[in-house]
Amino acid sequence: MDRTVGKTLALDVGDRRIGIAISDDLGLTARGLLVLESVSVKKDTSKILDILKENKCLRIVAGLPVKLDGTDSLQTEKVRQFAAALENKLRSNAMGDIPVILHDERFSTKIAEETLIEAGVRREKRKEIIDKQAAAVILQDWLETQK
């Protein structure tokens, strides 16, 4: 079975905000959904579970911010810890069959910003939506690698 069939939720996890994107049911396209202002790991993971249930997503793809040479950074470890907390939350809510997949997100924010600039989005507006656009870039890249 194609791993992309069914909706996928994607996360661009940052210290202050989490960009969230979602795919279509066929796993062909990704679109930015929202930007979640980070409060705490517990509250953030609970909100993500609510979004996951509401949209009937079958998997989560979290962007893994590795360095250009492929090695881990401090932020890489923070994302790994967040993903582990999310997996624990899924298990404790009888949703342990939903995988949390880590996907290399190098250049996702830069690509997202360039896309928004090309679309004529003003700087102030870009700041508001860059995180969800970066999540969409991460998700679209993951979807393409699954084909």
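Refer to the structure presented above.
Residues numbered from 1 in each chain as written. Predicted model: local features only at pLDDT ≥ 70, side-chain atom pairs only at ≥ 80, totals over all residues. Heavy atoms only, no water.

> It is not clear to me how the overall build of the protein chain should be interpreted in this structure. Could you clarify?
Each helix and strand counted, the protein chain has four helices and five strands in total. Reading the protein chain from its N end, one meets helices and strands in the order β-β-β-α-β-α-β-α-α. Computed over the C-alpha atoms, the radius of gyration of the protein chain is 14 Å, within 12% of the 15 Å expected from 2.2 N^0.38 for a compact globule of 147 residues. The C-alpha extent of the protein chain, read off along each of the three principal axes, is 45 × 35 × 30 Å. Burial status across the protein chain gives 41% buried among its 147 residues. Of the contacts formed within the protein chain by residues at least 6 apart in sequence, a portion of 63% connects residues at least 24 apart. Counting 25 positive and 24 negative side-chain charges, the protein chain places the centres of these two groups 4 Å from one another. (Helix = DSSP H or I, 4+ residues; strand = E, 2+ residues; numbered from the N terminus. Rg over C-alpha atoms; globule rule 2.2 N^0.38 Å. Buried < 20%, exposed > 50% of the residue type's maximum accessible area, 1.4 Å probe, protein only. Contact = heavy atoms within 4.5 Å. Lys, Arg positive; Asp, Glu negative; His and termini not counted. Charge placed at Lys NZ, Arg CZ, Asp CG, Glu CD.)

> Whenever I open this one, helix α1 (residues 41–55) confuses me. Can you help?
Each α-helix turn comprises 3.6 residues. Residues three or four places apart therefore point the same way. Across its 15 residues, α1 extends 21 Å between first and last C-alpha, which sits within 8% of the 21 Å expected from 1.5 Å per residue. Restricting attention to buried positions, one finds in α1 the residues D44, T45, I48, L49, I51, L52 and N55. Down the axis of α1, the sector holding all buried residues measures 165 degrees, keeping them to one side. The exposed set on the far side of α1, more than 90 degrees from its buried face, consists of K42, K43 and E54. The secondary structure elements touched by the buried residues of α1 are β1 (8–13), β2 (17–23), β3 (30–37), β4 (59–64) and α2 (74–92). Positioned one or two residues after α1, K56 has a phi angle of 55 degrees, which is positive. (Expected span 1.5 Å × (residues − 1). Arc of directions from axis to C-beta.)

> Got a minute to help me understand the pairing of β4 in this structure?
It is a general feature of regular strands that their side chains alternate between the two faces of the sheet. Judged by how many residues are buried, β4 sits mostly within the fold: six of six residues are covered. Neither face of β4 is exposed, since R59, V61 and G63 on one face and I60, A62 and L64 on the opposite face are all buried. Where β4 meets strand β5 (residues 100–104), five bridges bridge the pair, whose relative direction is parallel. Looking across to β5, one finds that V61 is bridged to I101. For the segment spanning β4, α2 and β5, crossover handedness is right-handed. (Pairing = 2+ DSSP bridges. Right-handed = clockwise from strand over helix to strand, strands pointing away.)

> Looking at this model, I keep getting lost on the pattern of salt bridges. Mind explaining?
Oppositely charged side chains can form a pair if their charged atoms are brought close together. Inspection of every chain in the model, using the stated rule, returns three salt bridges. A salt bridge links K78 to D15; its shortest N-O distance comes to 3.4 Å. Residue K78 is located in helix α2, and its partner D15 is located in the loop between β1 and β2; the two are separated by 63 residues in the primary sequence. Put simply, R80 and D72 hold a salt bridge, and the shortest N to O gap is 3.3 Å. Here R80 falls in the partly exposed class, since its relative accessible area comes to 32%. (Salt bridge = Lys/Arg side-chain N within 4 Å of Asp/Glu carboxyl O.)

> Please clarify how the packing of α1 against α2 should be interpreted in this entry.
Each pair of packed helices can be summarised by the angle the axes make with each other and by the distance between the axes. Their axes nearest at 10 Å, the elements α1 and α2 cross at an angle of 60 degrees. It follows that α1 is oblique to α2 by the angle criterion. Crossing of α1 against α2: the hand is right-handed. The residues of α2 that touch α1, namely those facing V41, K42, D44, T45, S46, I48, L49 and L52, are F82, A85, L86, K89 and L90. In terms of residue class, the contact of α1 with α2 is made up of eight nonpolar, two polar and three charged. (Axes fitted to C-alpha atoms, helices over the stretch in contact; angles between N-to-C directions. Parallel < 35°, antiparallel > 145°, perpendicular 65-115°, else oblique. Left-handed = near helix turned anticlockwise from the far one by under 90°. Nonpolar A, V, L, I, M, F, W, Y, C, P; charged D, E, K, R; others polar.)

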